[in-house]
Amino acid sequence: MSTVTMAAVAAHFGRDVERTLAKLPGIFAQARERGVDLLVLPDATIGGYLGDLRHPGGEESDLPPAVALDGPEIAAVIALAGDMTVCVGLSERSHIAGETVRFNTAVCVDGDGVLGVHRKVHLPLGESEAYRAGETFEAFDTPVGRMGMLIDFDKTFPEAARTLALDGAEVIACLSAWPASVTDRSDRMRNDRQAHLFDLYDCARAAENQVYLVSSNQTGVLGGLRFLGQAKVVDPAGEIVAKTWAKGGLAIAEADVHAAVARARRSLDHIHQRAEHAYRLTTRA
């Protein structure tokens, strides 16, 4: 596929899984009407996010409902996807070494099934009380090209997106449930520190790796968290080419991804002009 139409979703998704599954067909229909090939939904689309980042609660009833990757919820998304490539976030229930564990997970599917899975590696504040951390960043092949996924706080770390770019990803989907600051609250969203960082990281990760970054986010309020929206598509030069701002909606951009990435790297190729011998990857003892 030479030209790809990419869409990042800004929308509110709560704890009611059935309500979410009833809401998704309308979003998919809107995307399909606009010719979308890659649809990126927010983190925690299925089941909602935590209500409190600092103290998420240890009781099962306090946490988002967790679903299995081979369960009916993902099957429903696969059925809706059809010929679209779709990334969706959820609280995953998995069984490892006889233990039931939770992951904050992003899944990429199309109508034929699961294409890729990413479990959030970097867990901020109290999120580690609710989820086990993932361990890898890996790109994967899709009908829209080779891509990778990050989940909100993952994009804070340049190494995460760089690993995906080194693995051949030309599009990075970043699924977020990114709230306004919980430690330094501001009366105005435009002055909010997290709103500024959310956009800054999106643009920096795209520009430093010379890839497209499709950044979705939750909107609205859940528990004590107020989500930013600001879904966007960023091009390989770090320029925002589509954005929803704080409201719900679709940020849509069309591009010949492979050609645009090749053009961005024609003279200054950040991937192949690295000087690995000069970099420190661990802290000084």
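For the structure, see preceding data.
Residues numbered from 1 in each chain as written. Predicted model: local features only at pLDDT ≥ 70, side-chain atom pairs only at ≥ 80, totals over all residues. Heavy atoms only, no water.

Enquirer: Help me understand the pattern of salt bridges in this model?
Expert: Between side chains of opposite charge, pairing is possible as soon as their charged atoms come close. Tallied over the full model, the rule gives 13 salt bridges. One salt bridge connects Lys155 with Asp202, and the closest N-O pair in it is separated by 2.6 Å. One end of the pair, Lys155, is in the loop between strand E7 (145–151) and helix H3 (158–166); the other, Asp202, is in helix H4 (residues 193–209), and 47 residues separate them in sequence. Note that Asp202 is salt-bridged to Lys232, the shortest N-O span being 2.6 Å. Residue Asp202 is found in helix H4, and its partner Lys232 is found in strand E11 (residues 232–234); the two are separated by 30 residues along the sequence. Each member of the pair Asp202 and Lys232 is classed as buried. (Salt bridge = Lys/Arg side-chain N within 4 Å of Asp/Glu carboxyl O. Helix = DSSP H or I, 4+ residues; strand = E, 2+ residues; numbered from the N terminus. Buried < 20%, exposed > 50% of the residue type's maximum accessible area, 1.4 Å probe, protein only.)

Enquirer: Where do I start with helix H5 (residues 257–264) in this structure?
Expert: Side chains of residues three or four places apart in an α-helix project in the same direction, reflecting 3.6 residues per turn. Residues of H5 that are buried: Val257, Ala260 and Val261. Buried positions in H5, seen along its axis, are confined to an arc of 100 degrees and lie on one side of it. (Arc of directions from axis to C-beta.)

Enquirer: Could you clarify how one ought to interpret the packing of helix H1 (residues 17–33) against helix H2 (residues 72–81) in this entry?
Expert: Two quantities define a packed helix pair, namely the angle between the helix axes and the distance between the axes. Viewed as axis vectors pointing N to C, H1 and H2 meet at an angle of 15 degrees, and their least axial separation amounts to 10 Å. Taken together, the axes of H1 and H2 lie roughly parallel to each other. You can see that H1 and H2 cross each other, and the crossing is right-handed. Contact residues: Val17, Leu21, Leu24, Pro25, Phe28 and Arg32 in H1; Glu73, Ala76, Val77, Leu80 and Ala81 in H2. Its residues placed into classes, the contact of H1 with H2 shows nine nonpolar, no polar and two charged. (Axes fitted to C-alpha atoms, helices over the stretch in contact; angles between N-to-C directions. Parallel < 35°, antiparallel > 145°, perpendicular 65-115°, else oblique. Left-handed = near helix turned anticlockwise from the far one by under 90°. Contact = heavy atoms within 4.5 Å. Nonpolar A, V, L, I, M, F, W, Y, C, P; charged D, E, K, R; others polar.)

Enquirer: Looking at this structure, I do not really get the packing of aromatic side chains. What am I missing?
Expert: Any pair of aromatic rings gets described here by the distance separating the centres and the angle formed by the planes. The full count for this structure, using the stated rule, is four aromatic pairs. Seen from their ring centres, Tyr49 and Phe227 are 6.1 Å apart, and the 70 degrees between their planes marks the pair as edge-to-face. Placement of Tyr49 in the loop between strand E2 (38–40) and H2 and of Phe227 in strand E10 (residues 225–228) is noted, with a sequence separation of 178 residues between them. When its relative accessible area of 4% is taken as the criterion, Phe227 is described as buried. Taking the centre distance of 5.3 Å and the plane angle of 85 degrees together, the rings of Phe153 and Phe157 count as edge-to-face. Residue classification places Phe157 among the partly exposed positions, given a relative accessible area of 27%. Ring pairs connect the aromatic residues Trp178, Phe198 and Tyr201, which therefore count as one cluster. Sitting over the face of the ring of Phe103, Arg119 holds its NZ or CZ atom 4.0 Å from the ring centroid. Note that Lys155 overlies the ring of Phe198, its terminal NZ or CZ placed 3.4 Å from the centroid. (Phe/Tyr/Trp six-rings, centres within 6.5 Å; stacked < 30°, edge-to-face > 60°. Lys NZ or Arg CZ within 6 Å of the ring centre and 35° of its normal.)

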